Amino acid sequence: MTISLNNPPPSLQNFMRALGYAGLIPFIFPLGLMVCELWFGIVFYHEMVPPHFASYMFITYSAVILSFMSGTLWAHGQRINEQYLAKCAVLLSNMLSLSAWCAVLMSYVAPEWAVYSVALLMAGFVSLLCVEHVIGGIGKAYWRLRLSLTIIVVVLHLSMLVII
């Protein structure tokens, strides 16, 4: 049985949607920890956990997801007939993964650079969405899911930038 990526069965679409939105929880959790500390004075760390741990959690998860999602460009690159565009998609996939890795390193080298890390990761998510749009060939249901998830992820990154 072959499943078209442009039109997966409704049960798979629902499953992907559920996993996509569940994947937002690790973005929301560290943000919630920081809000609790900032607004309510509730501190969730102690001498074993650094005070910037919540931002590290956010940045690390963001880098993992950006790298994971960047891998989709390899699959897109294989189905594009235009070789130049295919090579650009695959190259951008690697660049986004490397920039995510750099964002993690920056946040560990100097905690005050966490702002730049979050901004770099946010730019990566927006870039990935733009490239997927330019490449095209994505089904409407998947595109709507990607668009809504990316908008939420960008809002969460903007929220983190404000809190940091």
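Residues numbered from 1 in each chain as written. Predicted model: local features only at pLDDT ≥ 70, side-chain atom pairs only at ≥ 80, totals over all residues. Heavy atoms only, no water.

Some remarks on the overall build of the protein chain
- Across its full length, the protein chain holds seven helices and zero strands.
- Considering the protein chain as a whole, with its 164 residues, one finds that 37% of them fall into the buried category.
- Taking contacts inside the protein chain between residues at least 6 apart in sequence as the whole, the part at least 24 apart equals 72%.
- Just so you have it, the protein chain exposes about 9800 Å², and 72% of that area is on carbon and sulfur atoms. (Helix = DSSP H or I, 4+ residues; strand = E, 2+ residues; numbered from the N terminus. Buried < 20%, exposed > 50% of the residue type's maximum accessible area, 1.4 Å probe, protein only. Contact = heavy atoms within 4.5 Å. Areas by Shrake-Rupley, 256 points an atom, 1.4 Å probe, with all protein chains shown as cover.)

Here's the deal with helix α2 (residues 25–40)
- For α2, built from 16 residues, the straight-helix expectation of 22 Å at 1.5 Å per residue is met to within 8% by its first-to-last C-alpha distance of 21 Å.
- Of all the residues in α2, the buried ones are Phe27, Pro30, Leu31, Leu33 and Met34. Buried residues of α2, seen end-on, are gathered within an arc of 150° and therefore sit on one face of the element. Residues of α2 that are exposed and point over 90 degrees away from its buried face: Ile25, Trp39 and Phe40.
- Turning to α2, the residues buried within the fold contact α3 (53–70), α6 (114–135) and α7 (140–163). (Expected span 1.5 Å × (residues − 1). Arc of directions from axis to C-beta.)

Section: the environment of Ser107
- Position of Ser107 among the secondary structure elements: in helix α5 (residues 83–109).
- A residue is classified by how much of its surface remains accessible, and Ser107, at 1% relative accessible area, is buried.
- Spatially, the C-alpha atom of Ser107 lies 9.4 Å from that of His52, the residues being 55 residues apart in sequence.
- Apart from residues no more than four positions distant in its own chain, Ser107 is found in contact with Tyr56, Ile59, Ala114 and Ser117.
- At a separation of 2.8 Å, a polar atom in the side chain of Ser107 contacts the main-chain carbonyl oxygen of Val104. (Polar contact = N/O pair within 3.5 Å; in protein donor to acceptor, adjacent residues only side chain to side chain.)

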